[in-house]
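Read off the chains here:
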Amino acid sequence: MDVNLVLRSTRVITPEGTRPASIAVSGGTIAAVLPYEAEVPAGARLEDVGDNVVLPGLVDTHVHVNDPGRTEWEGFWTATRAAAAGGITTLLDMPLNSLPPTTTVENLRVKQEVARAKAHVDVGFWGGALPDNVKDLRPLHDAGVFGFKCFLSPSGVEEFPELDQERLATSLAEISGFDGLMIVHAEDPHHLAAAPQRPGGAYADFLASRPRDAENTAIENLINQARRLDARVHVLHLSSSDALPAIAAARAEGVKITVESCPHFLTLTAEEIPDGATEFKCCPPIREAVNQDALWQGLADGTIDCIVSDHSPSTADLKTPDFASAWGGISSLQLGLPAIWTEARRRGFDLTDVVRWMSEGPARLAGLTRKGAIEAGRDADFAVLAPEATFTVDPADLQHRNRITAYAGKTLHGVVTSTWLRGERIADNGTLAEPSGRLLERNN
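Because the structure is a prediction, the values reported are computed rather than measured.

Student: What's the story with the overall build of the protein in this structure? I'm lost.
Tutor: Within the protein, the regular secondary structure consists of twelve helices and 18 strands. In summary, the protein has a C-alpha radius of gyration of 21 Å against a globular reference of 22 Å for 444 residues, a match within 12%. Judged by the C-alpha coordinates and their principal axes, the protein covers about 70 × 45 × 45 Å. The buried share among the 444 residues of the protein stands at 59%. Summarising the internal contacts of the protein: among those between residues at least 6 apart in sequence, 74% fall at separations of at least 24. Of the roughly 15900 Å² of accessible surface on the protein, 49% is carried by carbon and sulfur atoms.

Student: What is the right way to read helix 2 (residues 105-116) from this model?
Tutor: Because an α-helix completes one turn every 3.6 residues, residues spaced three or four positions apart along the sequence face the same direction. Its twelve residues give helix 2 an end-to-end C-alpha distance of 16 Å, which sits within 8% of 16 Å, the value for a rise of 1.5 Å per residue. Those residues of helix 2 that fall on the buried side of the exposure criterion are Asn107, Leu108, Lys111, Gln112 and Ala115. For helix 2, the angular spread of the buried residues around the axis is 140 degrees, confining them to a single face. Turned more than 90 degrees away from the buried face of helix 2 sit Glu106 and Glu113, all of them exposed. In the core, the buried residues of helix 2 are packed alongside helix 1 (76-85), strand 7 (88-93), strand 8 (122-125) and helix 3 (134-142).

Student: What's the story with the side chain of Thr419 in this structure? I'm lost.
Tutor: Mapping Thr419 onto the fold places it in strand 16 (residues 411-421). Classification of Thr419 as buried rests on a relative accessible area of 0%. Looking at Thr419, its side chain comes within polar contact range of the main-chain oxygen of Ala84, at 2.7 Å. In this structure Thr419 touches Ala84, Gly87, Ile88, Thr89, Phe382, Glu424, Arg425, Ile426 and Ala427, once residues within four positions along its chain are discounted.

Student: Please explain the pattern of salt bridges as it appears in this structure.
Tutor: Tallied over the entire structure, the rule returns 31 salt bridges. Between Arg11 and Glu388 there is a salt bridge whose closest N-O contact spans 3.2 Å. Residue Arg11 is found in strand 1 (residues 5-14), and its partner Glu388 is found in strand 15 (residues 382-392); the two are separated by 377 residues along the sequence. Overall, Arg11 belongs to the partly exposed group, its relative accessible area being 26%. Here the salt bridges share partners, and the residues they tie into one network are Asp122, Arg370, Lys371, Asp379, Asp381 and Arg422.

Student: I would appreciate a short explanation of the side chain of Glu187 in the present structure.
Tutor: With respect to the element layout, Glu187 can be found in the loop between strand 11 (181-185) and helix 5 (189-194). Assessed through its relative accessible area of 0%, Glu187 is described here as buried.

Student: Would you mind going over the environment of Ser241 with me for this structure?
Tutor: The residue Ser241 is located in the loop between strand 12 (232-235) and helix 8 (244-252) in this model. Under the relative-accessibility criterion, Ser241 is labelled buried at 9%. The sequence separation of Ser241 and Asp428 amounts to 187 residues, and the corresponding C-alpha distance is 38 Å. If we skip the residues at most four places from it in the chain, Ser241 touches Arg212, Asn291, Ala294 and Leu295.

Student: Please clarify how the environment of Gly437 should be interpreted in this entry.
Tutor: Relative to the helices and strands, Gly437 is located in the segment after strand 18 (431-432). Accessibility expressed as a relative area gives 16% for Gly437, which makes it buried. With 92 residues separating them in the primary sequence, Gly437 and Arg345 have C-alpha atoms 31 Å apart. Among residues more than four places away in sequence, those in contact with Gly437 are Ala119, His120, Val121, Asp122, Leu421 and Arg422.

Student: Mind showing me how you'd approach the sheet that holds strand 9 (residues 127-128) here?
Tutor: Where strands meet in a sheet, backbone hydrogen bonds hold them as pairs that are either parallel or antiparallel. Strands sit in the order 9-10-11-12-13-14 across an open sheet of six strands; the sheet is parallel. Each edge of the sheet is formed by a strand with only one pairing partner; in this case those strands are strand 9 and strand 14 (306-307). Examined bridge by bridge, strand 13 (residues 257-261) and strand 14 share two bridges and lie parallel to one another. Within strand 14, the residue paired with Glu260 across the bridge is Cys306.

Student: In this structure, what is going on with the packing of aromatic side chains? I would like to understand it.
Tutor: Aromatic rings considered in pairs are described by the distance between their centres and by the relative angle of their planes. One pass over the structure, following the stated rule, counts ten aromatic pairs. Seen in terms of ring centroids, Phe151 and Phe160 are 5.9 Å apart; in terms of plane orientation they differ by 75 degrees. Their pairing is edge-to-face. Both residues of the pair, Phe151 and Phe160, belong to the buried class. Here the aromatic residues Tyr203, Phe206 and Phe323 are joined through ring pairs into a cluster of three or more. Positioned above the aromatic ring of Tyr36 is the side chain of Arg8, whose terminal nitrogen or guanidinium carbon lies 5.5 Å from the ring centre. Just above the ring of Trp73 sits the side chain of Arg70; from NZ or CZ to the centre is 5.3 Å.

Student: Mind showing me how you'd approach unusual backbone geometry here?
Tutor: Peptide bonds are trans in most cases, and residues, glycine excluded, mostly fall at negative phi. Cis geometry is found at the peptide bond from Asp67 to Pro68, where omega equals 5 degrees. Along the polypeptide, Pro68 turns up in the loop between strand 6 (58-63) and helix 1. Cis rather than trans, the peptide bond between Cys283 and Pro284 has omega equal to 0 degrees. Within the secondary structure layout, Pro284 lies in the loop between helix 9 (263-267) and helix 10 (289-300). The phi angle at Asn97 is positive, at roughly 80 degrees, despite the residue not being glycine. Tracing the backbone shows Asn97 in the loop between strand 7 and helix 2. Residue Arg422 is not a glycine yet carries a positive backbone phi of 50 degrees. The exposure class of Arg422 is buried, given its relative accessible area of 13%.

Reading the values: the criteria
Sequence positions are assigned chain by chain, starting from 1 and proceeding in written order. It should be noted that, the model being predicted, local features are given only for residues of pLDDT at least 70 and side-chain atom pairs only at 80 or more, the latter also being counted only at that level, while totals for whole chains, interfaces and linings use all residues. Think of the side-chain values as coming from all heavy atoms in the structure, minus any hydrogens and water. Helix and strand definitions follow DSSP, with helices as H or I runs of at least four residues and strands as E runs of at least two, each counted in order from the N terminus. Radius of gyration: over C-alpha atoms. The globule rule applied is 2.2 Å multiplied by the number of residues raised to the 0.38 power. Relative accessibility decides the category of a residue: with a 1.4 Å probe and only protein chains considered, values under 20% of the type maximum give buried, values over 50% give exposed, and everything between is partly exposed. Here, residues are in contact when the closest pair of their heavy atoms is within 4.5 Å. Per-residue and other accessible areas follow the Shrake-Rupley method at a 1.4 Å probe size, with only the shown protein chains counted as cover for residues. Expected span of a helix, by definition, is 1.5 Å for each gap between consecutive residues, and there is one gap fewer than residues. The directions from the helix axis to the C-beta atoms are what the arc is built from. Pairs of N or O atoms within 3.5 Å make up the polar contacts considered here, provided that, within protein, one atom can donate a hydrogen while the other can accept it, and that residues adjacent in sequence are counted only when both atoms are side-chain atoms. In the sections that follow, a salt bridge refers to a side-chain nitrogen of Lys or Arg positioned within 4 Å of a carboxyl oxygen of Asp or Glu. When DSSP finds two or more bridges between two strands, those strands count as paired. Only the six-membered ring of Trp is used, alongside the rings of Phe and Tyr, when aromatic pairs are assigned; centres must lie within 6.5 Å, and planes under 30 degrees apart are stacked while those over 60 apart are edge-to-face, with the rest tilted. Remark: a charge is flagged as sitting over a ring if the NZ atom of Lys or the CZ atom of Arg is within 6 Å of the ring centre and within 35 degrees of the ring normal.

Written out as structure tokens, the structure reads:
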């Protein structure tokens, strides 16, 4: 191969572990992972990052870009810049909060056309499963979406209604017929309706309105449906640790179920949220510290497969001080890696664990066989991290369109010094290159 770049570090995270290495890149692909002192091929450029750690570029499979239609909330230009600044080289866009939602092939093409010239990182798309679009699921699959998202309770936007159990079964049967993947916002509407609903700024009241039982019951129902239909399902943004035993048991008996959690559930706790601080509002909600401890145990034992952002931004005016009416969503696209690394290192985990959760796991979920690892034949996507360095989160430094964040003022470990996409540096100490991301399709 004609090697054009060698990226060298004393700490490169590979599937075999962390070691000094020189990564040879040819035509945007990793040609070889060589010994540290390997001779640089003639004509190749050497980039030596010293003791900074080279990780495979992160893969974030849960991002609400909201473009087109609600671009005042976010957009492909700003979202992908934030991703690049945070060490993310691939993201998958959720089908809702954009107008139109990604629920037909025609709507998918609209979104792809909008994203094409704005993507600083590689971008793929989830489709949506609605009560009335079963006929569109196979065409969307054939058009390259990575799977289908549904809600089991109201989504918060009227153009994306939820599925009841009967319609969930109908959609799952259709999707399992072509071995597709259903990704599920799992909160049971009956438990939500029965929970106390008190408007106002008290976080304790909001937390009581989204009880663990709503998640637990929805996940148990999903397991039953997946078992009966032999369908592949994925639980989005797991918040309730109570559901972990049922998930582990289902997987042990052969049910095809995977699960993700998010930085906010793993680094923030209900006890620290001030009343009126709706930048912390999300659904399902941030729960208590003891619940968080159990989620980390789920990561440690492999019940939780991956960590993704669920970046769901909005304009500032929608984050009213009333938890009942404020928009539910946390902006963390740029901050997920340092947030998780800060907590992981405190709990005794290392960066190989973070790579497993934030790069390898999401890539496997989406079937992105060229992403998620530093080894020959993969895309030359890298995040270079100074893991011992710290910074204090200043919203003004974020690339998000709306710089409201639950992490404001927090001191985090891990500074992303550069990000590389197919062997080209796309972020360098906060300076972003021109867009060079590609639009991805399933199995392409």
